[in-house]
Amino acid sequence: MEKDTKTENELITDAMSATIVETAERIATVEGTQAVSVRRILTELGITNRVFYNRFRNADEVLELVYKSMVVRIRTRIVSEYDGTQDFFSYVMDVVERSLTTSYDTKLRCNQFLFENDSLSNGNYEWWTGEIKKLIDYARERDLIRDVDSEALAYSIWCFCRGYNADAVGRGLPREEAIEKFRYGFGFLLDGLKK
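Below: a short report on this structure. (Residues numbered from 1 in each chain as written. Predicted model: local features only at pLDDT ≥ 70, side-chain atom pairs only at ≥ 80, totals over all residues. Heavy atoms only, no water.)

### Re the packing of helix α1 (residues 15-31) against helix α4 (residues 59-78)
Axis angle and axis distance: for two packed helices, these are the angle between their axes and the distance between the axes, and together they describe the pair. Our working definition: Here, axes are lines fitted to C-alpha atoms. For helices the fit covers the stretch in contact, and angles between N-to-C directions go from 0 to 180 degrees. Each helix is a run of DSSP H or I of at least 4 residues and each strand a run of E of at least 2, with the numbering of both proceeding from the N terminus. Between 65 and 115 degrees an angle is taken as roughly perpendicular, under 35 as roughly parallel, over 145 as roughly antiparallel, and anywhere else as oblique. Contacts are residue-level and defined by heavy atoms, with any inter-residue pair within 4.5 Å sufficient. Classification used: nonpolar for Ala, Val, Leu, Ile, Met, Phe, Trp, Tyr, Cys and Pro, charged for Asp, Glu, Lys and Arg, polar for all others including Gly.
Running from N to C, α1 and α4 cross one another at 80°; their axes reach a closest spacing of 9 Å. Viewed along their axes, α1 and α4 adopt a mutual orientation that is roughly perpendicular. In contact with Ile 20, Val 21, Ala 24, Glu 25 and Thr 29 of α1, α4 contributes Val 62, Leu 65, Val 66, Ser 69, Met 70 and Arg 73. Taken together, the residues that form the contact of α1 with α4 break down as 7 nonpolar, 2 polar and 2 charged.

Here it is, written out as C-alpha cells:
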C-alpha cells in the first residue's frame, strides 16, 4: 500500500511513534522546525523509511503532534482553579505572567512554527478565550469588576496578550523586560475593570 493512501486507523501508534515525536521536538527546540525532516529523524534514530511511514505520513504530521504537545504543556503549567485565598487581581496577573513566560520561552525556541500553528488553530483560540471568559464571569458574579461584555472582553484580552507576546518575541526583547512592560500595561487594563 502506498504511504500516501494509508488511513489514520492503518498507521501504527506505539512507543516508536512517541520516540519519533520526541526526536522531532528536540530537533525543533534546538535548531528550529526547518531542521525537522523525515531524513533527519531517520538519521537521528537509525530507523528505516518503512518504520517512519508506518507511523506518519510526513514530517509535518509529526510537527503537528509536537505543537499539540507543547500547547498542552503550556496550558497545564498556566491554568489552575482560583481558590479565593489570594487577591483576585493578583491571581489574574500571575496567570497572565505565567502564560507570557511559558509561551515566550517556548516561542523563542520554536518561534515561527508555534506562531503559525497558533494563528491557525481555532481550537487554541477557543480554549484561551474560554478560560479568560471564565475569569471575567467569576469576577462579574462576585461584583469585583464593572459590568462588561464577557465575550468581547475575553477576545480583547486574548488579542492583547497574544499580540504582545508575538511582538516581544519577534523583536527579541529580553524576557524579563517583556514581563515588566507587560505587567505595566496589563495592570492598567485590570485597574480599569475594577469597581
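There is more to say, and it comes next.
### Description of the packing of α1 against helix α2 (residues 38-45)
Viewed as axis vectors pointing N to C, α1 and α2 meet at an angle of 110°, and their least axial separation amounts to 10 Å. As the angle between them shows, α1 and α2 are arranged roughly perpendicular. Along the contact surface, α1 presents Met 16, Thr 19, Ile 20, Thr 23, Ala 24, Arg 26, Ile 27 and Glu 31, while α2 presents Arg 40, Ile 41, Glu 44 and Leu 45. Of the residues belonging to the contact of α1 with α2, the class tally is 6 nonpolar, 2 polar and 4 charged.

### A few points about the packing of aromatic side chains
What counts here: Aromatic pairs are defined between Phe, Tyr and Trp rings, using the six-membered ring for Trp, whenever the two ring centres lie within 6.5 Å; interplanar angles under 30 degrees are classed as stacked, those over 60 as edge-to-face, and all others as tilted. Burial classes follow relative accessibility: with a 1.4 Å probe on protein chains only, a residue under 20% of its type's maximum area counts as buried, one over 50% as exposed, and anything between as partly exposed.
Taken as a whole and judged by the stated rule, the model has 16 aromatic pairs. When the ring of Tyr 82 is compared with that of Phe 88, the centres are 5.4 Å apart and the planes differ by 85°; the resulting orientation is edge-to-face. Accessibility assignment for this pair places Tyr 82 and Phe 88 in one class, buried. An angle of 90° between the planes, with centres 4.7 Å apart, marks the rings of Trp 127 and Trp 128 as edge-to-face. For Trp 128, a relative accessible area of 13% gives the class buried.

### Considerations on α1
This is how the line gets drawn: A helix is expected to span 1.5 Å for every residue after the first. Pairs of N or O atoms within 3.5 Å make up the polar contacts considered here, provided that, within protein, one atom can donate a hydrogen while the other can accept it, and that residues adjacent in sequence are counted only when both atoms are side-chain atoms.
Taking 1.5 Å of rise per residue, the 17 residues of α1 would be expected to cover 24 Å, and the 24 Å separating its terminal C-alpha atoms lies within 8% of that figure. Considered for burial, the residues of α1 that qualify are Ser 17, Ile 20, Val 21, Thr 23, Ala 24, Glu 25, Ile 27 and Ala 28. The N-cap of α1, judged by a side-chain oxygen 3.1 Å from the amide nitrogen of Met 16 a few residues on, is Asp 14. Looking one or two places after α1, you find Gly 32, whose phi comes out positive at around 95°.

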